[in-house]
Amino acid sequence: KVSEPHQALLFETAYMSGLRANELRSLKVNHLSLEPCGFLLDAAWTKNRKAGFQPLGADLAHRLHDFALSGQVEALYDRHRKRKAPNNPLLYLPDNTSRQLNEALEAAGIEKCTLEGKLDFHGLRLAFINRVIESGATVKEAQSLARHSTPELTMNVYGRVEKSRLADTVEG
C-alpha cells in the first residue's frame, strides 16, 4: 500500500475519466450520474467551457458514490486544509495534486522520469486519451472523449505510438 484509499480513488478517477485536476476539484456529488454512469460536466468549470457528459465505468462510479456519501471527503478537507470543504464535494483534492502523485510514485519505487517522458498528474489524462485511442476508438470518438476542439490536438499532441505495436503492424 503506497497511497491512502482516497488518493488511489483520485488517481483512478483521473486515469479512467481523463478529467483535469481543476475539473476533478469542481465535481460535486450531484455531478455523478449512476444511470448512465459518468460525470455531468458544467460549462462554468470545464476548460472548453462546454457542458457535457463524460462516461465512466459502473464499478468506479458506484465506488465514488459510496465514498462521497460516507462523509470521508468532508473529514479529509477538515483534516488537511485550513479552509472549509466545498459544498458536497465528490472527491478530496489537495492544493497540489502533482506533489501527491510524486509522493505515491516515490513510495511505490516508480521512476518519475523515463525515456518515454515525465509522469505527472496531467500524465493520467494523457494515459486516458491513449487508452481510448488504443481501444480502437475512431478519431472523432477519441476527440470527443478527450473534449478537444480538433482531432489534430487529440492525435498529434496527446496521441503516442505504442512501439511494441509497430513491429506487429509491419509484420501484419
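This structure is a prediction, so every number in the text was calculated from the model and none was measured.

So, how was this worked out
- Each chain has its residues counted from 1, running along the sequence as written.
- Predicted model: local features are reported for residues with pLDDT of at least 70 only, side-chain atom pairs are reported and counted for 80 or more only, and whole-chain, interface and lining totals are derived from all residues.
- Here the side-chain values reflect all heavy atoms present in the structure, with hydrogen atoms and water set aside.
- Between any two strands, at least two bridges found by DSSP are needed for them to pair.
- Note on conventions: DSSP H or I runs of at least 4 residues are helices, E runs of at least 2 residues are strands, and numbering of each starts at the N terminus.
- Angles shown run from 0 to 180 degrees and are taken between the N-to-C directions of axes, each axis being a line fitted to C-alpha atoms and, for helices, limited to the stretch in contact.
- Residues enter a nonpolar core if they are buried and are Ala, Val, Leu, Ile, Met, Phe, Trp, Tyr or Cys, with the set joined through side-chain atoms within 4.5 Å.
- Note on exposure labels: buried denotes an accessible area under 20% of the residue type's maximum, exposed denotes more than 50%, and partly exposed covers the range between, all computed with a 1.4 Å probe on protein chains only.
- Residues count as neighbours in contact if any of their non-hydrogen atoms are within 4.5 Å of one another.

Caption draft 1: Fine view of the sheet that holds strand 2 (residues 37-41). On the basis of which strands lie adjacent, the open sheet formed by three strands has the order 1-2-3 and antiparallel pairing. Single-partner strands in this sheet number two, and they are strand 1 (32-34) and strand 3 (52-55). Taking each pair of neighbouring strands and ignoring which way they run, the sheet shows an average axis angle of 30 degrees. Where strand 1 meets strand 2, three bridges bridge the pair, whose relative direction is antiparallel. Counterpart to L32 in the pairing with strand 2 is F39.

Caption draft 2: Looking closely at the nonpolar core. L24, F39, L64, L91 and F121 are the most contacted members of the largest nonpolar core, which totals 32 residues. Sorting the residues of this core by element identifies helix 1 (5-17), helix 2 (21-26), strand 2, helix 3 (58-69), helix 4 (72-80), helix 5 (97-108) and helix 6 (121-134) as the ones contributing at least two each. With five residues, helix 3 is the largest single contributor of residues to this core. In this view, L64 contacts L9, T13, L32, F39, L56, L90 and L91; residues no more than four positions away in its chain are not counted.

Caption draft 3: The arrangement of the environment of L69 in detail. Secondary-structure assignment places L69 in helix 3. According to the relative accessible area criterion, L69 is exposed, its value standing at 56%.

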